[in-house]
Amino acid sequence: MKTYVGNQFKELKIVLGGRELKYTLKRTGRRSIGISIDKNGAITVAGPYRVSETSIKGLLEKKASWILDKLSAIEAQAAGSDGPRAFIDGEGYLYMGRVYKLKLIEDRLLKRPVVRLGENSLEVYHKVPEKPEELRAVLREWYVTQFAKKLEGRLPAYSQQIGVSPGRVTIREQKTRWGSCSSSGNLNFNWKLVMAPVEVMDYVIVHELCHMKELNHSSSFWALVGKVCPDYKNHRKWLKENGNKLTLD
């Protein structure tokens, strides 16, 4: 429980990357603005008394990529488990960097299971109790479809920006590889990327498209990636640290 002295503490909201986030503004005698995120995802901004809320909001917007990646890493950790999934009510599943709780809803009028995304839940409507492997297959199909839709909307825009025309585009399921580009310009992407934050997914798309100009990891390649995705180092780090949590296993 917070104790408020005058306006030393203030609860505020901000929209970053399409997400409405709450943060605590703490006024102190410090000279600079500091942003911290605890293990539960609570955001605290410590700022001097003289700095306006508008300036603080501007800094938060500037640091949006770091904040969202940090929150997504915390949520990915929360969604992880020590053992195999049981596919039961309440399990956490990642989608676009957020954790949604699985909710199984019986509907005897359905011919086959249907997956819908709720405000905070991933809802599976089904006629009869499904076995874990059947629920996994249903969820996998939903994830693949969602990723295909995201890719369909994003790939042409980034291709035009980079100045390339991809050949065949394939969606696959791989354990650790997120994408690849052949010498003939064919691209492969791992559907599990749709579990990651949108910025991370976009980084992988940009990464593979840039390989169509630089089929290597030279300084020229990374410079090209950086022009389109300035925060790519943060996103690459996120994948290294949390990629193993993007799974239905």
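Residues numbered from 1 in each chain as written. Predicted model: local features only at pLDDT ≥ 70, side-chain atom pairs only at ≥ 80, totals over all residues. Heavy atoms only, no water.

A. Expanded view of the sheet that holds strand β6 (residues 98-106). The 4 strands lie next to each other as β5-β6-β8-β7, forming an open sheet whose pairing is mixed. Every interior strand has two partners, whereas the edge strands, β5 (92-95) and β7 (114-117), have only one. Mean inter-strand twist for the sheet, computed between neighbouring axes without regard to direction, equals 35°. Sheet analysis places β7 next to strand β8 (residues 121-126), joined by 4 bridges and oriented antiparallel. When the sheet's bridge partners are listed, valine 115 is paired in β8 with valine 124. Set on the sheet, helix α3 (residues 132-162) makes contact with β5, β6, β7 and β8; between it and β5 the angle comes to about 20°. (Pairing = 2+ DSSP bridges. Helix = DSSP H or I, 4+ residues; strand = E, 2+ residues; numbered from the N terminus. Axes fitted to C-alpha atoms, helices over the stretch in contact; angles between N-to-C directions. Contact = heavy atoms within 4.5 Å.)

B. A look at the packing of aromatic side chains. Enumeration over the complete set of coordinates arrives at 9 aromatic pairs. Ring centres 5.2 Å apart and planes at 70° place the aromatic pair tryptophan 142 and tyrosine 143 in the edge-to-face group. In this structure, tryptophan 142 and tyrosine 143 share a single accessibility class: buried. A centroid spacing of 5.1 Å and a plane angle of 10° characterise the contact between tryptophan 222 and tyrosine 232, whose relative ring orientation is stacked. (Phe/Tyr/Trp six-rings, centres within 6.5 Å; stacked < 30°, edge-to-face > 60°. Buried < 20%, exposed > 50% of the residue type's maximum accessible area, 1.4 Å probe, protein only.)

C. Highlighting the sheet that holds strand β4 (residues 43-48). Taken together, the 4 strands give an open sheet; going across it, the order is β1-β2-β4-β3, and neighbouring strands pair in mixed fashion. On the outer flanks of this sheet lie β1 (9-16) and β3 (34-37), each paired with one strand and no other. Within this sheet the neighbouring strands show an average axis-to-axis angle of 30°, counted without direction. As judged from the 4 bridges shared by β3 and β4, these two strands associate in the antiparallel manner. Bridging across to β4, isoleucine 37 finds its partner in isoleucine 43. Strands in contact with helix α1 (residues 53-62) are β1, β2 (19-28), β3 and β4; relative to β1, the strand with the most contacts, it is inclined by about 45°.

D. Molecular detail of helix α4 (residues 198-210). The terminal C-alpha atoms of α4, which comprises 13 residues, lie 18 Å apart, in line with the 18 Å expected from a rise of 1.5 Å per residue. For α4, the buried fraction is high: 11 of the 13 residues fall into the buried class. (Expected span 1.5 Å × (residues − 1).)

E. Highlighting the nonpolar core. Leu139, Tyr143 and Phe189 are the most contacted members of the largest nonpolar core, which has 51 residues in total. Of the residues forming this core, the biggest block, 10 residues, is contributed by α3. Counting 17 residues, the second largest nonpolar core, distinct from the first, contains Leu12, Leu16, Ala64 and Leu68. (Core = buried A, V, L, I, M, F, W, Y, C linked by side-chain atoms within 4.5 Å.)

F. Expanded view of the side chain of serine 65. Inspection of the secondary structure assignment puts serine 65 in helix α2 (residues 64-79). Judged by relative accessible area, serine 65 falls into the buried class, the value being 13%. Excluding anything up to four places from it in sequence, serine 65 contacts Asp231 and His235.

G. Examining the pattern of salt bridges more closely. Enumeration over the complete set of coordinates arrives at 8 salt bridges. Where arginine 112 meets glutamate 141, a salt bridge forms, and the shortest distance between an N and an O atom there is 3.2 Å. Linking arginine 112 in the loop between β6 and β7 with glutamate 141 in helix α3, this pair joins segments that are 29 residues apart in sequence. Among the salt bridges present, the one from arginine 136 reaches glutamate 173, with a minimum N-O distance of 3.0 Å. Of this pair, arginine 136 sits in helix α3 while glutamate 173 sits in the loop between β9 (169-172) and β10 (179-181); the two residues are 37 residues apart in sequence, bridging distant segments of the chain. (Salt bridge = Lys/Arg side-chain N within 4 Å of Asp/Glu carboxyl O.)

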